[in-house]
Amino acid sequence: MKQLYFCGIEALPLLLFVGVAVGGIVVAQLHYQIGQSGEGSLQLLATITLGELAPMLTAILLTARSSSAMASELALMRFHGELTSLSRMGVNIHLYLVMPRVLGMMLACGVLTFYFAAASLVTGAIAVAGFGWLQELTRLSLVLPPATLLQCLAKGVTFGAAIAAVACARGLAGGHSGTDVPIAASSAVIRALLTVFALDLVFIVVRYYA
């Protein structure tokens, strides 16, 4: 529950803000500058957002916000000898420390991905249709392929698990010096981002070439 609160609820305002900004920017580019119709712009926004932007930007924001904190916390526990004490008491470190963080980040990233997409689509619909935004979203839900929603969910959950796993691995691998804590934090962010981009490439290859 603590991990869900930290990774999910506390990150929600930031995700909603970015989602609103992305929705407005994409619709402005498509509808007002390129000349796409309002309905076509909204459909393109939904395809781009659910397919790529929502899971990817959510993962990037959570990586920047949470992975460094996870890695620092575990590295500090190693530095202070807490991990050694837990091991001597017979506590399974992976079940006690790693698993809650991975599950919490998985759930948080999956749910926040949909919040991000919803904020983006509502903003786009308002920009296109004004007070008729609800009707635009209703029509959009009828033509949107269910596979797009499933892919969005799968990416969000997978990215969340990868971010937490990398952060925990870097934190647990930290040395016994205080200078290893910031090194573990920065390494967790970089490696988690690389992992997210690699997983996104795998999703693209599986979807279009498998």
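Residues numbered from 1 in each chain as written. Predicted model: local features only at pLDDT ≥ 70, side-chain atom pairs only at ≥ 80, totals over all residues. Heavy atoms only, no water.

Enquirer: Is there a simple way to explain the state of the cysteines in this structure?
Expert: Put plainly, a disulfide is one covalent bond tying together the sulfur atoms of two cysteines. Under the defined criterion, the tally for this structure stands at 0 disulfides. Free cysteine: Cys7, not disulfide-bonded; nearest cysteine sulfur from Cys168 at 9.5 Å. Taking the relative accessible area as the measure of exposure, Cys168 reaches 1% and is therefore buried. (Disulfide = S-S within 2.5 Å. Buried < 20%, exposed > 50% of the residue type's maximum accessible area, 1.4 Å probe, protein only.)

Enquirer: Help me understand the packing of helix α7 (residues 146–172) against helix α8 (residues 180–209) in this model?
Expert: When two helices pack together, their arrangement is given by the angle between the helix axes and by the axis-to-axis distance. Contact geometry of α7 with α8 gives a least axis separation of 9 Å together with a crossing angle of 150°. Classified by the angle their axes make, α7 and α8 are roughly antiparallel. The element α7 and its partner α8 pack so that their crossing is right-handed. Seen from α7, the contacting residues are Gln151, Ala154, Lys155, Thr158, Phe159, Ala162, Ile163, Val166, Ala167 and Arg170; seen from α8, they are Ala184, Ser187, Ala188, Arg191, Ala192, Thr195, Val196, Leu199, Asp200, Phe203 and Arg207. In the contact of α7 with α8, the residues fall into 12 nonpolar, 4 polar and 5 charged. (Axes fitted to C-alpha atoms, helices over the stretch in contact; angles between N-to-C directions. Helix = DSSP H or I, 4+ residues; strand = E, 2+ residues; numbered from the N terminus. Parallel < 35°, antiparallel > 145°, perpendicular 65-115°, else oblique. Left-handed = near helix turned anticlockwise from the far one by under 90°. Contact = heavy atoms within 4.5 Å. Nonpolar A, V, L, I, M, F, W, Y, C, P; charged D, E, K, R; others polar.)

Enquirer: Can you help me understand the packing of aromatic side chains in this one?
Expert: Remark: the centre distance and the inter-plane angle together describe each pair of aromatic rings, the angle taken between the planes. Under the counting rule described, the total for this entry stands at 1 aromatic pair. Between the NZ or CZ atom of Arg65 and the centre of the ring of Phe6, over which it lies, the distance is 4.8 Å. (Phe/Tyr/Trp six-rings, centres within 6.5 Å; stacked < 30°, edge-to-face > 60°. Lys NZ or Arg CZ within 6 Å of the ring centre and 35° of its normal.)

Enquirer: Would you explain the nonpolar core in this entry?
Expert: In a soluble, globular protein the nonpolar side chains are often hidden away together inside. If you look at the biggest cluster of nonpolar residues, it comprises 48 residues, and the most contacted ones within it are Leu97 and Met105. Elements with a contribution of two residues or more to this core: α2 (12–33), α3 (38–79), α4 (82–88), α5 (93–129), α6 (133–143), α7 and α8. If sequence neighbours within four positions are ignored, Leu97 has contacts with Leu74, Met77, Leu83 and Leu86. (Core = buried A, V, L, I, M, F, W, Y, C linked by side-chain atoms within 4.5 Å.)

Enquirer: Is there a simple way to explain helix α1 (residues 2–9) in this structure?
Expert: Along an α-helix, a turn takes 3.6 residues, which lines up residues three or four apart on a common side. Three or more residues of α1 are buried, namely Gln3, Cys7 and Gly8. Seen from one end, α1 has its buried residues packed into an arc of 95°, which puts them on one side. The outward face of α1, more than 90 degrees from its buried face, is lined by the exposed residues Lys2 and Ile9. (Arc of directions from axis to C-beta.)

Enquirer: Explain the layout of surface pockets to me, please; I cannot follow it from the model alone.
Expert: If a probe as big as a water molecule is rolled over the atoms, it shows which places are left empty. Put simply, the largest pocket is a space of about 190 Å³. Looking at the largest pocket, the residues that line it are Leu50, Phe114, Ala117, Ala118, Leu121, Val122, Leu137, Leu140, Ser141, Leu144 and Leu149. Mapped by element, the contributors of at least two residues to the lining of the largest pocket are α5 and α6. With 5 residues, α5 is the largest single contributor of residues to the lining of the largest pocket. Split into classes, the residues belonging to the lining of the largest pocket amount to 10 nonpolar, 1 polar and no charged. Roughly 170 Å³ of volume is contained in the second largest pocket. If you go around the second largest pocket, the residues you meet are Met1, Leu4, Tyr5, Gly8, Ile9, Leu12, Leu107, Ala108, Val111, Leu112 and Tyr115. Elements that contribute at least two residues to the lining of the second largest pocket include exactly α1 and α5. Looking at the lining of the second largest pocket element by element, the count peaks at 5 residues for α5. (1 Å grid on protein atoms, 1.4 Å probe; cavity = no way out; pocket = protein on both sides within 12 Å on 5 of 7 lines; lining within 4 Å. Points joined across faces, edges and corners; volume = space filled by probe spheres on them.)

Enquirer: How should I be thinking about the side chain of Thr113 in this particular structure?
Expert: As for its position among the elements, Thr113 is in helix α5. The buried category is assigned to Thr113, whose relative accessible area is 0%. Contacts of Thr113, omitting those with residues within four sequence positions, involve Ala54, Pro55, Thr58, Cys152 and Gly156.

Enquirer: Help me understand a nonpolar patch on the surface in this model?
Expert: A contiguous nonpolar patch, built from Leu201, Val205, Tyr208 and Tyr209 and spanning about 500 Å² of accessible area, is present on the exposed surface. For Tyr209, the location among the structural elements is in helix α8. (Patch = residues over 30% accessible without salt bridge, like charges linked within 9 Å, V, L, I, M, F, W, Y side chains within 5 Å. Areas by Shrake-Rupley, 256 points an atom, 1.4 Å probe, with all protein chains shown as cover. Salt bridge = Lys/Arg side-chain N within 4 Å of Asp/Glu carboxyl O.)

Enquirer: I keep staring at the pattern of salt bridges and nothing clicks. Help me out?
Expert: Opposite charge on two side chains lets them pair, provided their charged atoms get close. Considering all chains together, one arrives at 4 salt bridges under this definition. Asp200 is paired through a salt bridge with Lys155; the nearest N and O atoms lie 2.8 Å apart. Of this pair, Asp200 sits in helix α8 while Lys155 is found in helix α7, placing the two residues 45 residues apart along the sequence. Lys155 shares its class with Asp200; the two are buried.

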